[in-house]
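Chain residues, written in single-letter form:
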Amino acid sequence: KEDIDLHILNLRDAAQRMVRLVDTLLDVTRIETHTLTLQSQDIQLSKILENLINDFQRYAQASHVTLILEHNAENDPMVHADRQRISMVMETFIDNAIRYMMHEGTVNILLKKEGAFMRFSVSDTGAGIPKDQQKNIFRKFFRASNITQHQTEGTGIDLFISKYIIEMLGGSIGFTSEENRESTFWFTLPIKK
């Protein structure tokens, strides 16, 4: 009975991964044909972040990673954005930070008001990105060479999609990284006036 249940769970997970991959590839096609549409509404990034932190807690613990959240709940203005797409970008940053940790460490997640923008950033003490490859990080299908040696799973598409979504919403996206030490990925979105 337990073997059958485990097999069913594995099949379900594999099917969900396949559906996510197909959806992601469809998004790439929509970006390239300029047909990707966003369903924007007034949202608070902190609400999305709370759900994501809860979702990632067990994965982080199993990976020996401590999640540290820094956010001032009293200063939490709205942004006008697509909830599902922004959730995907935030999830990508957090997932990558945990996934590419080569040993136990910390992931610092920051959400704060910065002038007329909300800034979200995720910093890790993981593998980092080789300096000569950093120019490619938002390119479609790119994965850093030091990552592919340790982590075979991944498509190199999520950061490409993330950049397009953030820029489509009037924000900025970027990162800093030092190989074998740390990375910080961030984006900003304009605060709703």
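Above this text you will find the structure in question.
If you're wondering where the values come from, they're calculated on a predicted model, not measured in any experiment.

**Focus: unusual backbone geometry**
Line of reasoning, step 1. Even without being glycine, His64 reaches a positive phi, approximately 60°.
Line of reasoning, step 2. By the element assignment, His64 lies in the loop between helix H2 (45-62) and strand E2 (65-71).

**Points about helix H3 (residues 83-99)**
Each full turn of the α-helix corresponds to 3.6 residues, which orients residues three or four apart in the same direction.
Line of reasoning, step 1. Here H3 contains 17 residues, and its C-alpha end-to-end distance of 24 Å stays within 8% of the 24 Å for a straight helix at 1.5 Å per residue.
Line of reasoning, step 2. Of all the residues in H3, the buried ones are Arg85, Ile86, Ser87, Val89, Met90, Thr92, Phe93, Ile94, Asp95, Ala97 and Ile98.
Line of reasoning, step 3. Backbone nitrogen of Gln84 and a side-chain oxygen of the N-cap are separated by 3.1 Å at the start of H3; the cap is Asp82.

**Points about the sheet that holds strand E6 (residues 172-178)**
Line of reasoning, step 1. With mixed pairing, the 5 strands of this open sheet are ordered in space as E2-E4-E5-E7-E6. On the outer flanks of this sheet lie E2 and E6, each paired with one strand and no other. Taking the axes of each pair of neighbouring strands and ignoring which way they run, one obtains an average angle of 10° across the sheet.
Line of reasoning, step 2. Sheet analysis places strand E4 (residues 105-114) next to strand E5 (residues 117-124), joined by 8 bridges and oriented antiparallel. Note that in E5 the partner of Val107 across the bridge is Asp124.
Line of reasoning, step 3. Against the sheet, helix H5 (residues 158-168) makes contact with E6 and strand E7 (182-190), and its axis sits at roughly 140° relative to E6, the strand it touches most.

**Overview of the packing of aromatic side chains**
Aromatic ring pairs are reported here in terms of the distance separating the ring centres and the angle at which the planes meet.
Line of reasoning, step 1. Summed over the entire model, instances satisfying the criterion amount to 8 aromatic pairs.
Line of reasoning, step 2. Geometrically, the ring pair formed by Phe56 and Tyr59 is tilted, given 6.2 Å between the ring centres and 40° between the ring planes. In this pair, Phe56 and Tyr59 are both assigned in helix H2, 3 residues apart and thus about one turn of the helix distant.
Line of reasoning, step 3. Taking the relative accessible area as the measure of exposure, Phe56 reaches 8% and is therefore buried.
Line of reasoning, step 4. Ring-pair connections join several aromatic residues into one group, and the members of that group are Phe93, Phe120, Phe138, Phe175, Phe185 and Phe187.

**Considering a nonpolar patch on the surface**
Line of reasoning, step 1. Residues Met18, Leu21, Val22, Leu25 and Leu26 make up a contiguous nonpolar surface patch of roughly 400 Å² in combined accessible area.
Line of reasoning, step 2. The residue Met18 is located in helix H1 (residues 2-32) in this model.

Thresholds applied
- Residues numbered from 1 in each chain as written.
- Predicted model: local features only at pLDDT ≥ 70, side-chain atom pairs only at ≥ 80, totals over all residues.
- Heavy atoms only, no water.
- Helix = DSSP H or I, 4+ residues; strand = E, 2+ residues; numbered from the N terminus.
- Expected span 1.5 Å × (residues − 1).
- Buried < 20%, exposed > 50% of the residue type's maximum accessible area, 1.4 Å probe, protein only.
- Polar contact = N/O pair within 3.5 Å; in protein donor to acceptor, adjacent residues only side chain to side chain.
- Pairing = 2+ DSSP bridges.
- Axes fitted to C-alpha atoms, helices over the stretch in contact; angles between N-to-C directions.
- Contact = heavy atoms within 4.5 Å.
- Phe/Tyr/Trp six-rings, centres within 6.5 Å; stacked < 30°, edge-to-face > 60°.
- Patch = residues over 30% accessible without salt bridge, like charges linked within 9 Å, V, L, I, M, F, W, Y side chains within 5 Å.
- Areas by Shrake-Rupley, 256 points an atom, 1.4 Å probe, with all protein chains shown as cover.
- Salt bridge = Lys/Arg side-chain N within 4 Å of Asp/Glu carboxyl O.

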